[in-house]
Amino acid sequence: MWVVKLILRNITRHKLRTMLTILGLAAAVVAFGVIRTLIDSYYAGADVLPPDRLVTRNAVSIIFYVPLAYKEKIEKVPGVESVSYGNWFGGLYKNDPKNFFPNYTVGPGFIDLYREYIFEPEQREQFLKEKNSAIAGQRLANRFGWKVGDPIRLTGQIYPGEWDFVLRAIYKGREPGVDENSLMFRWDYFDDRLRQTTPEMAKNGVGWYVVKIADPQQAPVISTEIDALFKNSAAETLTETEKSFTLGFLAQMDAIIVGMRIISYLIIGVILLVLVNTMAMSARERISEYALLKTLGFGPSHLIGLILGESMAVAVFGGLLGILLMFPVIGAASQFLQNFFSGFEVNALTILLAMTFVLIVGITASLFPIYKAVRLPIIQGLRNVG
Amino acid sequence: MVPALVKLESVSKSYSRDSLIIPVLDNIILKVPKGEFLALMGPSGSGKTTLLNLIAGIDRPSAGDVIVGDIKINDLSESALAQWRSRYIGFVFQFYNLMPVLTAFENVELPLLLTKLSKKERHQHVESALSVVGLEDRMKHYPRQLSGGQEQRVAIARALVTDPTLILADEPTGDLDKISAEEVMVLLSRLNSEFEKTIIMVTHDPRAAEKAHTRKYLDKGELV
Ligand SMILES: Nc1ncnc2c1ncn2[C@@H]1O[C@H](COP(=O)(O)OP(=O)(O)O)[C@@H](O)[C@H]1O
Ligand SMILES: [Mg+2]
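Residues numbered from 1 in each chain as written. Chains lettered and ligands numbered in written order. Predicted model: local features only at pLDDT ≥ 70, side-chain atom pairs only at ≥ 80, totals over all residues. Heavy atoms only, no water.

### Overview of the packing of aromatic side chains
Consideration 1: Scanning the model with the defined rule gives 31 aromatic pairs over all chains in all.
Consideration 2: When the centroid spacing of 3.7 Å and the interplanar angle of 5° are considered together, the rings of Y70(A) and F230(A) count as stacked. Of this pair, Y70(A) sits in helix α3 (residues 70–75) while F230(A) sits in the loop between α8 (219–229) and β13 (237–241), and the two are 160 residues apart along the sequence. As far as the burial class goes, Y70(A) and F230(A) line up, both buried.
Consideration 3: Ring geometry for F91(B) against F93(B): centres 6.0 Å apart, planes inclined by 5°, an arrangement best described as stacked. Assigned by exposure class, F91(B) and F93(B) land together as buried.
Consideration 4: Through successive ring pairs, a cluster of aromatic residues spans Y85(A), F89(A), Y159(A), W163(A), F165(A), F185(A), W187(A), Y189(A), F190(A) and Y209(A).
Consideration 5: A cation sits over an aromatic face here: R193(A) above W163(A), 4.0 Å from the ring centre. (Phe/Tyr/Trp six-rings, centres within 6.5 Å; stacked < 30°, edge-to-face > 60°. Helix = DSSP H or I, 4+ residues; strand = E, 2+ residues; numbered from the N terminus. Buried < 20%, exposed > 50% of the residue type's maximum accessible area, 1.4 Å probe, protein only. Lys NZ or Arg CZ within 6 Å of the ring centre and 35° of its normal.)

Below, the structure is given as structure tokens:
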């Protein structure tokens, strides 16, 4: 008990120094948490994708078409339940690049394959009934204040002209991480207009197929079978799960993510240096006190308890404060970032990691002072007085 | 003849600094009987503190034996020595060496934390030790709230509280004004006469040495 009392008194001995150390630790923990959360949310979209959906695209590049005629052939592959398709549109809202969001046109049955999108049944009916209707995710609708029934005009960048839709449905994600930032509209509306206005752009092809399979275990086999169908044709295909397709797409940013990860670990190093410095300063000042305790007969275990306890206490205070501050900081950041990231939330692993690192830092920072105090010859420590 | 409590048998001590060997004590022979109040005197650098540290078991001789009671303390392991110190030795230092974050009461209680005494017993011991040094009314004060003389009296209470056989004091008045020094010396004399503590005190203050029964002089590492 007296050890605890002595630790607490020692901590409050240099109030400013202790406070600055704790604030430094807290700031570093917040920075660590924000970076980890950014990285997590970057991958969150891929994490929630179901394993029973495949994407078939042109083997050369996603920018090339896959013939519309492939649909029937893919449907006949054993284990395939249903097939739909999408095509990137890339229109701009109010013709302003700042308003960017993903928008694409989807074939019949597409939204049936996306069980993670939750619709009001009437809104869904309406979308299926009206050719010029569009659907948008909840976050996207919030971003621009759209309500069901609003007209929406996109300016085509690939497909020229102004494109007018009526928003007929707003979907919500079934769980955090499900994309709510996209706009989709009907393939028939898109295809008909191309044929009327710019027939040279209508190609009887789609951007990608979405293939729902019965058994996720069969994904590799079915993927191989689909691609085998179109081997040596004019448009060879590449099929993989939607999840690995998305991860591959995200991997374009890999260098940045790796950099962010490195920074998050450097921050741990900074925490360590801050605490190591504070503990070394304290230990140096207390040399004669350690010598006195040893003279009175206190052993290494007491010194270890005192020094380790102090280091851990400061580390844990800093860590807890950092974790407490992490929530409002990330909450505020997600207000700005929700247009780009879905599921920008602190996850349990980040907190666990932060706390683990904080404990490791607390132990590490005490090692050298403990070594010095335990090894210190008493007579040398006593000479340090005055 | 009173049996010797402390015996130094041909004790030598040298320090090595870099590759240089610095002899400090040379072939010291000393017997201190039980109940003695001995003043060790001598010029600065003559090895007084070194000699006291050897008797205290916080330093080890280069040659010879240090025997306290029946125990040859230079044979003890580091941890056995620590335990031995806590039971038999009370320390008083020139600069008091109080823990600045502990109150007078807590400083005096410190050595008792290593004993099996209950909290209540500890408190009784601390209170009586503080009343011996006349500081019952300063128990809750921190060292920085006390004068030098009061700090040294707290330190004496701390040396006394475990009821040690031997009290070792290194220049206990070295940092005090005349009046405080006088108070401290009266106190040490009382510990010797009233509480029958054997005391070895290092000093180069002749007025302090007067209070002792015996005076011995160290010069260039030899007792004269
Ligand atoms: N740890 C040490 N290392 C090297 N030399 C030391 C050490 N301790 C004491 N000395 C030397 O031993 C001599 C005696 O020191 P000390 O016992 O402190 O003398 P006194 O207490 O009589 O002034 C001095 O010359 C001092 O420099
Ligand atoms: Mg000295």
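### Some remarks on the sheet that holds strand β1 (residues 4–17) of chain B
All names here are of chain B.
Consideration 1: On the basis of which strands lie adjacent, the open sheet formed by four strands has the order β2-β1-β4-β5 and antiparallel pairing. Each of the sheet's edge strands pairs with one partner strand only, and the pair in question is β2 (20–33) and β5 (71–72).
Consideration 2: Here strand β4 (residues 63–68) pairs with β5 via two bridges, running antiparallel. When the sheet's bridge partners are listed, V68 is paired in β5 with I71.
Consideration 3: Helix-sheet contacts for helix α1 (residues 48–56) involve β1, β2 and β4, and the interaxial angle to β1 is about 120°. (Pairing = 2+ DSSP bridges. Contact = heavy atoms within 4.5 Å. Axes fitted to C-alpha atoms, helices over the stretch in contact; angles between N-to-C directions.)

### Here's the deal with the nonpolar core
Consideration 1: V6(B), L8(B), I28(B), L110(B), L166(B), L168(B) and I200(B) are the most contacted members of the largest nonpolar core, which has 89 residues in total.
Consideration 2: If one sorts the elements of this core by residue count, helix α2 (residues 15–47) of chain A sits on top with 12 residues.
Consideration 3: Ignoring any residue separated from it by four or fewer positions in sequence, one finds I28(B) in contact with L8(B), E9(B), S10(B), V11(B), L51(B), L218(B), G221(B), E222(B) and L223(B).
Consideration 4: Grouped together as the second largest cluster of nonpolar side chains are 40 residues, V77(A), V80(A), W163(A) and I170(A) included. (Core = buried A, V, L, I, M, F, W, Y, C linked by side-chain atoms within 4.5 Å.)

### Quick look at the sheet that holds strand β3 (residues 37–41) of chain B
Residue and element names in this part refer to chain B.
Consideration 1: On the basis of which strands lie adjacent, the open sheet formed by six strands has the order β6-β7-β8-β3-β9-β10 and mixed pairing. Here the strands that pair on one side only, and so sit at the sheet edges, are β6 (89–92) and β10 (222–223).
Consideration 2: Lying over the sheet, α1 contacts β3, β6, β7 (166–170), β8 (198–202) and β9 (214–219), oriented at roughly 155° with respect to β7.

### Section: the environment of A56(B)
All names here are of chain B.
Consideration 1: Examined against the element boundaries, A56 turns out to sit in helix α1.
Consideration 2: According to the relative accessible area criterion, A56 is buried, its value standing at 2%.
Consideration 3: Dropping the residues within four chain positions of it, A56 is found in contact with W84, R85, I89, F91 and L168.

### Focus on the interface of chain A and chain B
Consideration 1: Taken residue by residue, the interface counts 20 residues in chain A and 23 residues in chain B.
Consideration 2: Across the chain A/chain B interface, buried area totals approximately 2,100 Å², and carbon plus sulfur atoms make up 71% of it.
Consideration 3: Summed over the three residues of chain A that lose the most area to chain B, namely R9(A), L296(A) and I379(A), the buried surface amounts to 28% of that side.
Consideration 4: Across the chain A-chain B interface, the total number found is two salt bridges.
Consideration 5: Between K5(A) and E106(B) there is a salt bridge whose closest N-O contact spans 3.1 Å.
Consideration 6: On the surface where chain A and chain B come into contact, there are five residue pairs in polar contact (both at pLDDT 80 or more). (Buried area = accessible area lost by both parts, 1.4 Å probe. Salt bridge = Lys/Arg side-chain N within 4 Å of Asp/Glu carboxyl O. Polar contact = N/O pair within 3.5 Å; in protein donor to acceptor, adjacent residues only side chain to side chain.)

### Some thoughts on the environment of V258(A)
Consideration 1: Mapped onto the elements, V258(A) comes out in helix α10 (residues 254–285).
Consideration 2: Along the backbone, V258(A) and I39(A) are 219 residues apart, and their C-alpha atoms lie at a distance of 9.3 Å.

### Digging into the confidence of the model for chain A
Fine structural detail should not be taken from predicted coordinates in areas where pLDDT scores are low.
Consideration 1: The share of residues in chain A with pLDDT of 70 or more is 97%, and the mean pLDDT across the chain is 91.
Consideration 2: Within chain A, no element has a lower average pLDDT than helix α9 (residues 242–250) of chain A, which sits at 86, and none a higher one than strand β10 (residues 183–186) of chain A, at 97. (pLDDT = per-residue confidence, 0-100.)

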